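# A structural walkthrough
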Amino acid sequence: MPTVTLARHAMATRFEFVLQGDDPVTLRAAGEEALAEIERLEAQLSLFVPTSEIAHVNARAAKGPVRVSAEVLALLERAARLHQETAGAFDITIAPLLGCWGFLGGPGHLPNEARLAAARECVGMDKVHLDPDRRTVRFLRDGMMLDLGAIGKGYAIERAVEILREAGIQRALLHGGTSTVYGLGEPLEGGPWKIGLRAPPCPSAAPSLEMPVIRLHNEALSVSARWGKSFEAGGETYGHVLDPRTGRPVAQGPVLATIIAPSATDTDALSTALLVLGHSAFQPVAARRPGLRAVLVTEASQGRFIVTGSGQEAFPAC
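Let me sum up the structure you'll find in this document.

Rules used throughout
- Residues numbered from 1 in each chain as written.
- Predicted model: local features only at pLDDT ≥ 70, side-chain atom pairs only at ≥ 80, totals over all residues.
- Heavy atoms only, no water.
- Helix = DSSP H or I, 4+ residues; strand = E, 2+ residues; numbered from the N terminus.
- Rg over C-alpha atoms; globule rule 2.2 N^0.38 Å.
- Buried < 20%, exposed > 50% of the residue type's maximum accessible area, 1.4 Å probe, protein only.
- Contact = heavy atoms within 4.5 Å.
- Areas by Shrake-Rupley, 256 points an atom, 1.4 Å probe, with all protein chains shown as cover.
- Core = buried A, V, L, I, M, F, W, Y, C linked by side-chain atoms within 4.5 Å.
- Axes fitted to C-alpha atoms, helices over the stretch in contact; angles between N-to-C directions.
- Parallel < 35°, antiparallel > 145°, perpendicular 65-115°, else oblique.
- Left-handed = near helix turned anticlockwise from the far one by under 90°.
- Phe/Tyr/Trp six-rings, centres within 6.5 Å; stacked < 30°, edge-to-face > 60°.

Here we take up the overall build of the protein chain. A count of helices and strands for the protein chain gives eight helices and 17 strands. Scaling as 2.2 N^0.38, a compact globule of 318 residues should have a C-alpha radius of gyration of about 20 Å, and the protein chain matches this with 20 Å. With the C-alpha coordinates aligned to their principal axes, the bounding extent of the protein chain is approximately 60 × 55 × 35 Å. Counting across all 318 residues of the protein chain, residues that qualify as buried make up 54%. Pairs at least 24 residues apart make up 61% of the contacts formed inside the protein chain by residues separated by at least 6 positions. Accessible surface for the protein chain amounts to roughly 14,500 Å². Of this, 50% is attributable to carbon and sulfur atoms.

Let us look at the environment of valine 213. With respect to the helices and strands, the residue valine 213 is situated in strand S9 (residues 213–216). Here valine 213 falls in the partly exposed class, since its relative accessible area comes to 43%. Sequence separation of valine 213 and threonine 86 is 127 residues, and the distance between their C-alpha atoms is 27 Å. Filtering out sequence-adjacent residues up to four positions away, valine 213 remains in contact with Lys194 and Ile195.

Counting 72 residues, the largest nonpolar core has Leu76 and Leu164 as its most contacted members. Setting aside residues up to four positions removed in sequence, leucine 76 forms contacts with Ile54, Ile92, Met125, Leu130, Val137, Leu146 and Leu148. Judged by nonpolar contacts, the second largest core, of 16 residues, contains Val181, Leu216, Leu256 and Val297.

A few words on the packing of helix H3 (residues 70–85) against helix H7 (residues 264–277). The geometry of H3 relative to H7 is characterised by a closest axis approach of 11 Å and an angle of 45 degrees between their N-to-C directions. In terms of axis orientation, H3 runs oblique to H7. The way H3 lies across H7 gives a crossing that is right-handed. On H7, the residues touching Leu75, Arg78 and Leu82 of H3 are Thr265, Asp266, Ala269 and Leu270.

Quick look at the packing of aromatic side chains now. In the structure shown here, the tally under the stated rule is four aromatic pairs. Judged by centre distance (5.2 Å) and plane angle (20 degrees), the ring pair of phenylalanine 231 and tyrosine 238 falls under stacked.

Scope: geometric values only; no functional claims are made or implied.
Shown next as structure tokens:
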């Protein structure tokens, strides 16, 4: 049975598809259509594309209601619900804080405290008014900006899967920048798709961390981690994952959070929220989504890490 592999750069990352089926022509056509949809979504949702709907909202919504497409409004309403479910740990209004810390397209730097305080006043979904009847978005404070970076890739993967299903594709593995993966059906060899999680960087003296292999069958997996984009100042390391409620980088709790669920949009958003909130947040979030699974990596003493799973057995520690 043929296998077709496709890739494209979009949303500042690389999307890759592995499609399996009887007809390579059908596989390739469906894959190209799904990738074209991801490019369309980037043009619609990116705050860095001046002609996008989100850029239009960011430029005008503080002055008055801005009309958006039904699709964008539905995504913003979904983001608002996720914000509420996570007690504000997931927040698409975080852009002013990212800019303040230098992470909005830059390497990062310590902010001026006065500017940080001002940015915090511009963050919070309670300051965004969504009108479903008029299909408008309005900011209740000047200086607000939307950034869908913590949900956009997951949403794009979810839409791509819908297109593949509509085309009759039953076996596929999709990923966007390796941070969100979706396993459609099962691979030719049978069983679920198997995804290995990347271990956090361990000190050279510590033994290698044994990470679990996650099995996906019509499910998505998203990973958020504290390492990656960061900078050092005054002997401290500051990462790019910010807590919208405090305005500061996440410095305690898990160093990696993985969420597994049927919706790639949800896993993308919830993995970020779980990294911010820590272990205690899983059960309240899982209560709304039966079957939700999670893997968390937490730093212990002397450069060791502990890997735990919710809904599955504990994993060995490093």
